[in-house]
Amino acid sequence: MATTLPAIFQQTIAQFGDRPALMFKDGGRYRSFTYREFNRRVDHLSAFLMEAGVGHGERVALLSENRPEWVIADQALLAIGAIDVPIYPTLTGPQVAQLLNDCEAKAALVSTRAQLDKLLSVAADIPSLELVLVMDEVDGHLPERVMRFEAALRQGEASRDRMQDALKGRREAIRPDDLASIVYTSGTTGEPKGAMLTHRNFTSNALTAAGVLGVESTDIELSFLPLSHVFERVVYYALLSSGATIAYAESIETLPQNLIEVRPTLLVSVPRVLEKIYARTLEKIEHDAPLKREVFYAALEIGEFFHKVMNEEGRVVFPTNVLYQAADRLVFKQIREALGGRLRFIVSGAAPLAAEIGRFFQITGVPVVEGYGLTETSPVLAFNPPDRPKFGTVGRPLDGVEVRLAPDGEIIARGPNVMKGYWGNEAATREVLDQDGWFHTGDIGRFDDEGYLSIIDRKKEILVMSNGKKVAPQPIENRLQMHPIIEQAMLIGEKRHYITALIVPDPVIAERMAKDAGIEWSNTSELLASPTVHAAVAEAIAHENRGLAAFEQIKRFELLPHAFSQESGELTPTLKLKRRIIT
């Protein structure tokens, strides 16, 4: 088994060189190039970077959205033993400067004119930065030390043959425990820290995940989660190891359109996106003709019964099987077609998935495989087996990874995927890595009798009320967000007498409700103040309160006129709440 990322890439080129590797939107349609062409561009960029003086172990930042140039740069840097440092393109200039100074980046690759201008605005404050490559064909004169990506490829092509032995030597000198990347945590609980991830960390995780998922060379993934996040990153390595194809969505907003265009066989998502698909489906059905609505809900009941019997007995007989086929033809097929029509499964991670969402997608014929992990564990610790998922859990620990519960219920893990530590921060490393190599996740969990792991909540995010009672906010927030009227929710209760909810209503549904009720409004605040919208949210909260202990119940709520967003600094790039900032 290959234990470095360049070794995996070389194996893939040899076996799948003529297969399509990457797909991207260009001129209004999707185009692709093969693994052989992918490798050619990697070689050219590797040669350029070596000639430019990027040495083994030196850090190079990637400040870009998902696109082919990102992975070309990644493979080129890995091939010469450099350490890549992915940076979220949503960060501000000062935030970028902070991270590049922390890792002492020698070079940076940026995607667009906007990202270039952002970096140049703080470049004077980054003394280690010697070279910047810009991926887009930007117009005008470029400052000293800035070069266009395509020009770098042409320069590398001219010197590749001359440098072939040096490139091979650099690639073969890489060892499994060499650093491959410094990945900065997204900072939900404080200042970002740079997790040092090795080639062994990534390869062990990617190859095991590819085996668990049964990824094949004929698979196509539609990528929309940021490659700067380790979740999407290791999926890309898993797909690459199998010779599969990766297509890049234009944005999260264009995801519905791109699904139809690409028709992927697998999708990697976060629960929030799946919750939106679920909520939009139910909201649409509520405005359909009564007969169509009755057929839809009857189909869901048939589907739920079908899968219950299948899970318990392993087969389904007449008449349930015939009824399910009819439900599939009338209802479920249309839902699958809206997702491209070819999805074998969806991988969900980065946050807990509500069991109801998992069951919905399984019923419609697109099973969701939920996993669990952290940046520091490269990232996967546990995965639901595709053939026997258990909704409400994150599955069983991966082969080769030890997962246990500490006396206080905290999940701890040890294995080849656990990071070396935090870059330049021994104190923070000692807080999470003990002397025996156990990584302390900060998550509270429990195992069931079959070894399936459930995540209860973040240890640092559990709300400790003034009466000493503890409330896990995420499960309650997730259930609230399944109501069509609720777009986002966050609970507040730390050191307080009762639980309060901050609610962002879905603007489309709120407007429709107000129009149907004959209410006029001139701005969002007036819309949210309408009795109709307020009553709909109150009803959703009351519905959830019925299943909660008295101290967990939401006593008050406030409607917010603007959604939490990455731009406002309230969400991480994987759409998790930055609770401290919001509070």
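Caption draft 1: Spatial organisation of the pattern of salt bridges. Enumeration according to the criterion identifies 34 salt bridges in this entry. For the salt bridge of Glu-130 with Lys-106, the shortest nitrogen-to-oxygen distance reads 4.0 Å. With Glu-130 in the loop between α5 (113-122) and β6 (131-134) and Lys-106 in the loop between α4 (93-103) and β5 (107-110), this residue pair connects regions lying 24 residues apart in the sequence.

Caption draft 2: Just helix α12 (residues 320-338), in detail. Given a rise of 1.5 Å per residue, 19 residues ought to cover 27 Å, and the 26 Å separating the end C-alpha atoms of α12 matches this to within 8%. Here α12 has its buried residues at Thr-320, Tyr-324, Ala-327, Asp-328, Val-331, Phe-332, Ile-335 and Arg-336. Where α12 is buried, its residues touch α10 (271-286), α11 (290-313) and α13 (355-363). Count one or two residues on from α12 and you reach Gly-340, which has phi positive near 105°.

Caption draft 3: Quick look at the sheet that holds strand β24 (residues 486-492). If you walk across this open sheet you meet the three strands as β24-β25-β26, and the pairing is mixed. The open sheet terminates on both sides in strands that have one partner only, identified here as β24 and β26 (554-559). Taken over all neighbouring pairs, the strand axes of this sheet differ in orientation by 25° on average, direction set aside. As judged from the six bridges shared by β24 and strand β25 (residues 499-505), these two strands associate in the antiparallel manner. Bridge pairing in β25 places Gln-488 opposite Val-504.

Caption draft 4: Main features of unusual backbone geometry. Of note, the amide linkage connecting Phe-318 to Pro-319 takes the cis form, showing an omega dihedral of 5°. When you line up the elements, Pro-319 lands in the loop between α11 and α12. Between Ser-378 and Pro-379 the backbone carries a cis peptide bond, its omega angle lying at -10°. Mapped onto the secondary structure, Pro-379 falls in the loop between β14 (368-373) and β15 (380-383). Backbone geometry places Arg-145, a non-glycine residue, at a positive phi of 75°. Its place among the elements puts Arg-145 in the loop between β6 and β7 (146-148). At Arg-263, a residue that is not glycine, the phi angle is positive and equals roughly 50°. Its place among the elements puts Arg-263 in the loop between α9 (255-262) and β12 (266-269). A relative accessible area of 36% means that Arg-263 is categorised as partly exposed.

Caption draft 5: Representation of the packing of α10 against α13 within the structure. At their nearest, the axes of α10 and α13 sit 10 Å apart, and the two run at 70° to each other. Our classification of the angle between α10 and α13 gives roughly perpendicular. Remark: the crossing between α10 and α13 carries left-handed chirality. Packed against α10, whose contacting residues are Leu-274, Glu-275, Ile-277, Tyr-278 and Thr-281, the element α13 presents Glu-356, Ile-357, Phe-360 and Phe-361 at the interface. Grouping the constituent residues of the contact of α10 with α13 by class yields six nonpolar, one polar and two charged.

Caption draft 6: Representation of the side chain of Glu-69 within the structure. Counting through the fold element by element, Glu-69 comes out in helix α3 (residues 68-79). Of the polar contacts made by the side chain of Glu-69, one reaches the side chain of Arg-67; its length is 2.9 Å. Ignoring sequence-local partners within four residues, the contact set of Glu-69 consists of Met-135 and Phe-149.

Caption draft 7: Spotlight on the environment of Ala-299. Following the sequence through the fold, Ala-299 ends up in helix α11. Beyond its immediate sequence surroundings of up to four residues, Ala-299 is in contact with Ala-327, Val-331 and Phe-332.

Caption draft 8: Summary view of the packing of aromatic side chains. In this structure the tally under the stated criterion is eleven aromatic pairs. Taking the centre distance of 6.5 Å and the plane angle of 65° together, the rings of Phe-33 and Phe-38 count as edge-to-face. Residue Phe-33 is classed as buried on the basis of its relative accessible area, which comes to 7%. Classification of Phe-38 by relative accessible area gives buried; the value is 1%. Geometrically, the ring pair formed by Tyr-278 and Phe-360 is edge-to-face, given 5.0 Å between the ring centres and 80° between the ring planes.

Caption draft 9: How the structure looks around the side chain of Ser-46. Turning to its location among the elements, Ser-46 is positioned in helix α2 (residues 35-51). For Ser-46, a relative accessible area of 2% translates into the label buried. The contacts of Ser-46, once residues within four sequence positions are left out, are Ala-76, Ala-79, Ile-80 and Leu-167.

Caption draft 10: Region of interest: the pairing of strand β18 (residues 410-414). Most of β18 sits out of view: four of its five residues are buried. Pairing geometry for strand β17 (residues 402-405) and β18, over four bridges, is antiparallel. Paired with Val-403 across the bridge in β18 is Ala-413. Hairpin connection between β17 and β18: a loop of four residues separates the two successive antiparallel strands, and Gly-409 in this loop has a positive phi of roughly 90°. Judged from the three bridges that link them, β18 and strand β20 (residues 439-447) form a sheet pairing that is antiparallel. In the strand pairing of β20, Ala-413 is matched with Phe-439.

What counts as what
- Residues numbered from 1 in each chain as written.
- Predicted model: local features only at pLDDT ≥ 70, side-chain atom pairs only at ≥ 80, totals over all residues.
- Heavy atoms only, no water.
- Salt bridge = Lys/Arg side-chain N within 4 Å of Asp/Glu carboxyl O.
- Helix = DSSP H or I, 4+ residues; strand = E, 2+ residues; numbered from the N terminus.
- Expected span 1.5 Å × (residues − 1).
- Buried < 20%, exposed > 50% of the residue type's maximum accessible area, 1.4 Å probe, protein only.
- Contact = heavy atoms within 4.5 Å.
- Pairing = 2+ DSSP bridges.
- Axes fitted to C-alpha atoms, helices over the stretch in contact; angles between N-to-C directions.
- Parallel < 35°, antiparallel > 145°, perpendicular 65-115°, else oblique.
- Left-handed = near helix turned anticlockwise from the far one by under 90°.
- Nonpolar A, V, L, I, M, F, W, Y, C, P; charged D, E, K, R; others polar.
- Polar contact = N/O pair within 3.5 Å; in protein donor to acceptor, adjacent residues only side chain to side chain.
- Phe/Tyr/Trp six-rings, centres within 6.5 Å; stacked < 30°, edge-to-face > 60°.

Function cannot be read off these values alone, since they describe shape.
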